[in-house]
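As a plain string of letters, each chain reads:
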Amino acid sequence: MNLAIVILNWNGKMLLEQFLPSVVENSKEANIYVADNASTDDSIAFILQHYPSIKIIHNKENYGFAKGYNEALKQVNEDLFCLLNNDVEVTLNWLKPIMDLFNNEPNTAAIQPKILDYNRKDYFEYAGAAGGFVDKYGFPYCRGRIFNTVEKDESQFNDISHIFWASGACLFIRKAIFNKLNGFDESFFAHMEEIDLCWRIHNLGHGIKYTYQSKIYHVGGATLKNTNPKKTYLNFRNSLFMLTKNANGSIFKTIFIRLFLDGIASIRFLIKLKPHHTLAILRSHVSFYMCLPLLLKQRLTNVSRKNYYQKSNIVWLYFVKRRKHFNRL
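An account of the accompanying structure is given in this report. (Residues numbered from 1 in each chain as written. Predicted model: local features only at pLDDT ≥ 70, side-chain atom pairs only at ≥ 80, totals over all residues. Heavy atoms only, no water.)

Next up on the list: the overall build of the protein chain. What the protein chain contains, in helices and strands, is ten helices and 13 strands. For a compact globule of 329 residues, the expected C-alpha radius of gyration is about 20 Å, and the protein chain comes in at 19 Å, within 12% of that figure. For the protein chain, the residues scored as buried account for 56% of the 329 residues in total. Considering only intrachain contacts with a sequence separation of at least 6, the fraction spanning at least 24 residues in the protein chain is 77%. (Helix = DSSP H or I, 4+ residues; strand = E, 2+ residues; numbered from the N terminus. Rg over C-alpha atoms; globule rule 2.2 N^0.38 Å. Buried < 20%, exposed > 50% of the residue type's maximum accessible area, 1.4 Å probe, protein only. Contact = heavy atoms within 4.5 Å.)

Within the structure shown, the criterion is met by zero disulfides. Its sulfur unpaired, cysteine 170 is 4.2 Å from the next cysteine sulfur, which belongs to cysteine 82. Cysteine cysteine 198 shares no disulfide, and the gap to the nearest cysteine sulfur, in cysteine 142, comes to 11 Å. Judged by its relative accessible area of 0%, cysteine 198 is buried. (Disulfide = S-S within 2.5 Å.)

The contact between helix 7 (residues 229-246) and helix 9 (residues 275-301) brings their axes to 8 Å, and the two run at 25°. Judged on the interaxial angle alone, helix 9 and helix 7 are roughly parallel. You can see that helix 7 and helix 9 cross each other, and the crossing is right-handed. Partitioning the contact of helix 7 with helix 9 into residue classes produces 13 nonpolar, nine polar and four charged. (Axes fitted to C-alpha atoms, helices over the stretch in contact; angles between N-to-C directions. Parallel < 35°, antiparallel > 145°, perpendicular 65-115°, else oblique. Left-handed = near helix turned anticlockwise from the far one by under 90°. Nonpolar A, V, L, I, M, F, W, Y, C, P; charged D, E, K, R; others polar.)

This part is about the packing of aromatic side chains. Geometry of an aromatic ring pair is reported as the spacing of the ring centres plus the angle between the planes. Per the stated rule, a full pass over the model turns up 22 aromatic pairs. With a centroid separation of 5.2 Å and an interplanar angle of 50°, the aromatic rings of phenylalanine 147 and phenylalanine 319 are classed as tilted. Taken together, the residues span a long stretch of sequence, with phenylalanine 147 in the loop between strand 9 (145-146) and strand 10 (149-150) and phenylalanine 319 in helix 10 (residues 314-320) at a distance of 172 residues. Relative accessible area serves as the criterion here: at 29%, phenylalanine 319 is assigned to the partly exposed category. Ring geometry for phenylalanine 164 and tryptophan 199: centres 5.5 Å apart, planes at 75°, overall edge-to-face. Residue phenylalanine 164 is located in the loop between strand 11 (160-162) and strand 12 (170-174), and its partner tryptophan 199 is located in helix 6 (residues 193-204); the two are separated by 35 residues in the primary sequence. Tryptophan 199 shares its class with phenylalanine 164; the two are buried. An aromatic cluster is present here, built from Phe65, Tyr69, Phe81, Phe178 and Phe184 joined pairwise through their rings. Above the plane of the ring of tyrosine 126 lies arginine 145, whose end atom (NZ or CZ) is 3.9 Å from the centre. Here the guanidinium or amino end of lysine 324 rests over the ring plane of tyrosine 318, the centre of that ring lying 5.0 Å away. (Phe/Tyr/Trp six-rings, centres within 6.5 Å; stacked < 30°, edge-to-face > 60°. Lys NZ or Arg CZ within 6 Å of the ring centre and 35° of its normal.)

Counting 73 residues, the largest nonpolar core has Val6, Phe184, Ile201 and Ile314 as the members making the most contacts within it. Broken down by element, this core gets its largest block of residues, six residues, from helix 7. With residues near it in sequence (within four places) discarded, isoleucine 314 still touches Asp135, Phe139, Tyr141, Ile146, Phe147 and Leu329. Listed in part, the 30 residues of the second largest apolar core include Tyr51, Ile98, Cys170 and Ile216. (Core = buried A, V, L, I, M, F, W, Y, C linked by side-chain atoms within 4.5 Å.)

Our next topic: the environment of isoleucine 98. One can find isoleucine 98 in helix 4 (residues 96-104). Separated by 107 residues in sequence, isoleucine 98 and glycine 205 have C-alpha atoms that sit 20 Å apart. Apart from residues no more than four positions distant in its own chain, isoleucine 98 is found in contact with Ile111, Phe172, Thr211 and Ser214.

For the structure on display, the rule yields eleven salt bridges. In this structure, lysine 114 and aspartate 153 form a salt bridge, with 3.1 Å as the shortest nitrogen-oxygen distance. Residue lysine 114 is found in strand 6 (residues 108-117), and its partner aspartate 153 is found in the loop between strand 10 and strand 11; the two are separated by 39 residues along the sequence. Linking aspartate 185 and lysine 245 is a salt bridge whose minimum nitrogen-to-oxygen distance equals 2.8 Å. (Salt bridge = Lys/Arg side-chain N within 4 Å of Asp/Glu carboxyl O.)

Once that is clear, we can look at helix 3 (residues 64-73). Helix 3 sits mainly inside the fold: eight of its ten residues count as buried. Within the sequence span of helix 3, burial applies to Gly64, Phe65, Ala66, Gly68, Tyr69, Asn70, Ala72 and Leu73. The secondary structure elements touched by the buried residues of helix 3 are strand 1 (3-9), strand 2 (31-36), strand 3 (55-58), strand 4 (80-84), helix 5 (175-180) and helix 6.

Side-chain direction in a regular strand flips from residue to residue, so the side chains alternate between the two faces of the sheet. With ten of ten residues buried, strand 6 lies mostly within the body of the structure. Sheet analysis places strand 6 next to strand 13 (residues 207-218), joined by nine bridges and oriented parallel. Considered in strand 13, the bridge of aspartate 117 is made with histidine 218. As paired strands, strand 6 and strand 12 are joined by two bridges and run antiparallel to one another. Bridge pairing in strand 12 links isoleucine 111 to phenylalanine 172. (Pairing = 2+ DSSP bridges.)

What follows is the structure, given as structure tokens:
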């Protein structure tokens, strides 16, 4: 099997200057692409001047993460895709453990490496850590990160294990599976589209793995900071989207409880004097209600599986039971 590393970029020249060298140096066995979302800075000129061997895919406009990758990957022919953020530093021999897993496990559709914080290299990074899960109500959490509590890497996740979702910061996936699922849901624009994709992978009966033997360092928040209300809006809205589309059982009861929990979150933002985030949650609900007929239609075409969650209510465990580390859940 051959591998394509595809880096989505939008006005990220400074990040490319900083992080492309490690990717080029440590990825000799792969073809490297930069999928550019119509940047207006000098990203393309920089690549052409310093890395002429990198293939450039020109998207016509800033399509965001979901459509940006969907459009770009139509032009990539390799058997395996590595979707890599432009703010990631990779390490020596990071690709070999991934390739070995794909070669030895034909039912494994996607893989994530260990993702550590670029600025605190002995800590896991928020976006993925050691592999992700969702609770019954669609709230995502990771081995190594639950809500805003990020664990120090003390080899507690030095294993190869099944996970529910792999981070979009560094997502390895078989091209055949990506195409079979028609890629990312473009209505998401950005945030959580990789969780939705992984959920659909599980519903097909394929596996997703994490391996500690491959390690990267991710800056995180290079596009949207956690303090940006737009990120809050996309996270809450897209979480409702994927839950409605993919969860099994009595979906209306599940959604009702989820909306109630969102209401508590909006009040919490108000108490913290962050009214813009409260409004972002309200806006996310309005968008959800407007899209609900389409989501229910999509739900009818999706295959649901019962075992999508390990923990019923991560909100209860974290905020009430005060269980803030994965191995204590």
